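This is what each chain is made of:
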Amino acid sequence: MELQIYNTLSRKKELFEPISPNHVGLYVCGPTVYGDAHLGHARPAITFDVVYRYLEHCGYKVRYVRNITDVGHLENDADEGEDKIAKKARLEQLEPMEVVQYFSDRYHENMDQLNVCKPSIEPRASGHIIEQIEIIKKILDAGYAYLSEGSVYFDVEKYNKDHRYGVLSGRNIEEVLENTRQLAGQSEKKNGFDFALWKKANPEHIMRWPSPWGEGFPGWHLECSAMGCKYLGEEFDIHGGGLDLMFPHHESEIAQSIAANGKSPVHYWMHNNMITINGQKMGKSLGNFITLDQFFTGEHESLQQAYSAMTIRFFILQAHYRSTVDFSNEALLAAEKGMKRLMSAIETLPNVKASDTSEFNVAELKEKCYAAMNDDFNTPIVIAHLFDGLKAINAANDGKLKLTQEDLNELVAIYNTFIFDVLGLKEEASGENNELIDYLMDFILDIRKDARDKKDWSTSDKIRDELAKRNIVIKDSKDGSSWSLN
RNA sequence: GGUCUCGUGGCCGAGCGGCUAGGCAGUGGUCUGCAAAACCAUCUACAGCGGUUCGAAUCCGCUCGAGACCUCCA
């Protein structure tokens, strides 16, 4: 079975066929770096990390471009407000690029924690001003943009006559033009719907570059067109991003590329859905977001405890990327426990004793996992199948089910492939990696063992209870006792 | 107001015409000095009403409810 991808353009699943065999160009909208990443940012990062990982796993050579927006993203109205980065810089009395550096570093740290692969190229908007100016020239030459008060705007109405502005979002722009006309008023734009390609810089504006139209800075939508085109070509395979970017950001990207190159830039548009909190989208403007660092430390009033990066990752992968996911402590707790159980398969497998026959269809399990991934990256189904396999593994470990050595080896391969390579989960350190602590704990457990052997339960329980106070959990089993830090 | 999505068992979430996922919690059990952990078993739901069909959670219509986009947001 071959890979099917849900294409926002056609609103249905399509067979994935790359432009050049064995190569995939993947572009994903990265963050605007003016604040800490929150749970909502983790969604596209993880979603497209899995897309990237799976494509690579399938043997494709993927060039994965994820940008950093460090200029041109304005507040409030897309073409009027203050630059987000510049505002932060002003508030913190920093150079804008200090803000960019700081939050880029923090973002990278969070991505590492989430085990998100680094993109092949991570371009910054401010490093591609020349490319953006070149595109604006092309669009002007084609007649789809106009100059106004030192700024350049995209002429949506003109474009819509020859092409269609709204192919991606399914919007009928004529209707919307009616509405915005009334609102536009004394704007320097012909039309409320037109968006800035180049914006003239006011005297107090710090981030500015020279251009044929005077000093200014590029519009937000343009950077992705410029960088996508530069590194992946005028046409490339997959463009990803959050559903909230579909309009106007991605819609405008398409318009810009068609206006400049005469080509629709992207074959497959993929959009991840939102994470909600109390049924509402988690977003910066609503102020209802929880940052990733807050999840990792548990320091937020809505959080009952800290949640590890892998818990967050597993939680997100347990839902399909095109569904909304509602955040709650209960859901996160469930994810945490479930993931630990699933991960235990990796540890159990080497201990299972082989039989000469098999009573579980390992090949079928493998097939089902691939089928799920091929069905538009259905990670929750993959996880469900892995849980089914876990049941068989546990049964075999208890001697209640037979598996041949060959099947056991295959299971190890399947679990390693899907859990680590494709889903991108990793083992988390269970506590401090400290030789002294290890030594002391071994020593303490040894004393406790002596007590237990003498049926000195009061000493044994005292040790257990005392350690529990510091979140050190003792687990007794047939083969002896072990400890872990919770 | 316009465009579009969605309403699944205590909770989270798949499925998208028949074979009634999965996880967490709960309950029962195995193990254990006790406990924890672990393991096994178990709980049968698809907002409401009508229609299409041999058959619908799944298709169509209506009603109610929630959300997203239409201004920046992943």
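See above for the structure.
Being a predicted model, the structure only gives us computed values, none of them experimental.

**Student:** How should I be thinking about the overall build of chain A in this particular structure?
**Tutor:** A count of helices and strands for chain A gives 16 helices and 15 strands. For chain A, the spread of C-alpha atoms along the three principal axes comes to 90 × 50 × 35 Å. Scored against the burial criterion, the 486 residues of chain A give a buried share of 50%. A fraction of 74% describes how many contacts in chain A between residues 6 or more apart in sequence connect residues 24 or more apart. Taken as a whole, chain A presents about 23200 Å² of accessible surface, with 48% of it coming from carbon and sulfur. One way to put it: in chain A the 54 positive side-chain charges average out to a point 3 Å from where the 75 negative ones average out.

**Student:** What is the right way to look at the protein's contact with RNA strand B in this model?
**Tutor:** In the neighbourhood of RNA strand B, 61 residues make up the surrounding shell, with His41, His73, Lys84, Trp220 and Lys281 lying closest. Of all atoms in RNA strand B that approach within 4 Å of the protein, 67% are sugar or phosphate atoms. Between RNA strand B and Ser285, the relevant distance is 3.1 Å, taken from a base oxygen to a side-chain nitrogen or oxygen of the residue. Interatomic distance of 2.7 Å between a backbone N/O atom of His320 and a phosphate oxygen of RNA strand B. In terms of residues, the surface near RNA strand B owes the most to one element, helix 13 (residues 379-397), which gives seven residues. Its residues assigned to classes, the surface near RNA strand B comprises 20 nonpolar, 20 polar and 21 charged.

**Student:** How should helix 1 (residues 39-57) be read in this particular structure?
**Tutor:** One full turn of an α-helix is made of 3.6 residues, so residues set three or four places apart face in the same direction. Between its first and last C-alpha atoms helix 1 spans 26 Å; for 19 residues at 1.5 Å apiece the expected length is 27 Å, and the two agree. The element helix 1 is extensively covered by neighbouring structure, given that 15 of its 19 residues are classed as buried. Positive phi appears at Gly59, one or two residues downstream of helix 1, with a value of about 100 degrees.

**Student:** Mind showing me how you'd approach the pattern of salt bridges here?
**Tutor:** Working definition: two side chains of opposite charge can pair if their charged atoms are close together. The final tally for this structure, using the stated rule, is 24 salt bridges. Put simply, Arg448 and Asp476 hold a salt bridge, and the shortest N to O gap is 3.1 Å. Placement of Arg448 in helix 15 (residues 435-453) and of Asp476 in strand 14 (residues 472-477) is noted, with a sequence separation of 28 residues between them. Classification of Arg448 as buried rests on a relative accessible area of 1%. Classification of Asp476 as partly exposed rests on a relative accessible area of 33%. It is possible to trace a salt-bridge network through shared partners that takes in Asp36, Arg106 and Asp293.

**Student:** Even after reading the chapter, I still don't get the sheet that holds strand 8 (residues 216-218), so can you show me in this structure?
**Tutor:** Backbone hydrogen bonds are what pair the strands of a sheet, in a parallel or an antiparallel way. In spatial order, the strands read 5-6-7-8; together these four strands make up an open sheet with antiparallel pairing. Only two strands of the sheet have a single neighbouring strand rather than two, namely strand 5 (145-148) and strand 8. Sheet twist, expressed as the mean angle between neighbouring strand axes with direction ignored, is 25 degrees. One ladder, built from three bridges, connects strand 7 (residues 196-200) with strand 8; its direction is antiparallel. Residue Lys199 lies in a different strand from strand 8, and its bridge partner there is Phe217.

**Student:** Is there a simple way to think about the pairing of strand 3 (residues 23-28) in this case?
**Tutor:** The side chains of a regular strand alternate between both faces of the sheet. For strand 3, the buried fraction is high: five of the six residues fall into the buried class. Looking at chain direction, strand 3 and strand 4 (residues 61-66) are connected through six bridges and run parallel. Residue pairing in the sheet places Val24 in a bridge with Val62 of strand 4. In the classification by handedness, the crossover that spans strand 3, the intervening helix 1 and the parallel strand 4 is right-handed.

**Student:** What's the story with the sheet that holds strand 12 (residues 280-281) in this structure? I'm lost.
**Tutor:** Spatial ordering of the open sheet is given by 12-11-13, a layout of three strands whose pairing is mixed. In this open sheet, the two edge strands, each paired with only one partner strand, are strand 12 and strand 13 (325-327). Bridge count between strand 11 (residues 275-277) and strand 13: three bridges; the pairing is parallel. Bridging from a neighbouring strand, Ile275 pairs with Val325 of strand 13.

**Student:** Is there a simple way to think about a nonpolar patch on the surface in this case?
**Tutor:** Residues Leu436, Tyr439 and Leu440 make up a contiguous nonpolar surface patch of about 330 Å² in total accessible area. The residue Leu440 is located in helix 15 in this model. Relative accessible area serves as the criterion here: at 39%, Leu440 is assigned to the partly exposed category.

**Student:** Help me understand helix 10 (residues 309-317), please; the structure alone is not making it clear to me.
**Tutor:** Most of helix 10 sits out of view: nine of its nine residues are buried. Within the sequence span of helix 10, burial applies to Ala309, Met310, Thr311, Ile312, Arg313, Phe314, Phe315, Ile316 and Leu317.

**Student:** Would you take a moment to explain the packing of helix 15 against helix 16 (residues 457-468) for this structure?
**Tutor:** When two helices pack together, their arrangement is given by the angle between the helix axes and the distance between those axes. At a minimum axis distance of 7 Å, the contact between helix 15 and helix 16 shows a crossing angle of 150 degrees. As summarised for this structure, helix 15 and helix 16 are arranged roughly antiparallel, according to the angle between their axes. In this structure, helix 15 meets helix 16 at a crossing whose hand is left-handed. Listed contacts from helix 16 to Met441, Ile444, Ile447, Arg448, Ala451 and Arg452 of helix 15 are Trp457, Thr459, Ser460, Ile463, Arg464 and Leu467. Taken together, the residues of the contact of helix 15 with helix 16 break down into seven nonpolar, two polar and three charged.

Reading the values: the criteria
Residues numbered from 1 in each chain as written. Chains lettered and ligands numbered in written order. Predicted model: local features only at pLDDT ≥ 70, side-chain atom pairs only at ≥ 80, totals over all residues. Heavy atoms only, no water. Helix = DSSP H or I, 4+ residues; strand = E, 2+ residues; numbered from the N terminus. Buried < 20%, exposed > 50% of the residue type's maximum accessible area, 1.4 Å probe, protein only. Contact = heavy atoms within 4.5 Å. Areas by Shrake-Rupley, 256 points an atom, 1.4 Å probe, with all protein chains shown as cover. Lys, Arg positive; Asp, Glu negative; His and termini not counted. Charge placed at Lys NZ, Arg CZ, Asp CG, Glu CD. Near = heavy atom within 4 Å. Polar contact = N/O pair within 3.5 Å; in protein donor to acceptor, adjacent residues only side chain to side chain. Nonpolar A, V, L, I, M, F, W, Y, C, P; charged D, E, K, R; others polar. Expected span 1.5 Å × (residues − 1). Salt bridge = Lys/Arg side-chain N within 4 Å of Asp/Glu carboxyl O. Pairing = 2+ DSSP bridges. Axes fitted to C-alpha atoms, helices over the stretch in contact; angles between N-to-C directions. Right-handed = clockwise from strand over helix to strand, strands pointing away. Patch = residues over 30% accessible without salt bridge, like charges linked within 9 Å, V, L, I, M, F, W, Y side chains within 5 Å. Parallel < 35°, antiparallel > 145°, perpendicular 65-115°, else oblique. Left-handed = near helix turned anticlockwise from the far one by under 90°.

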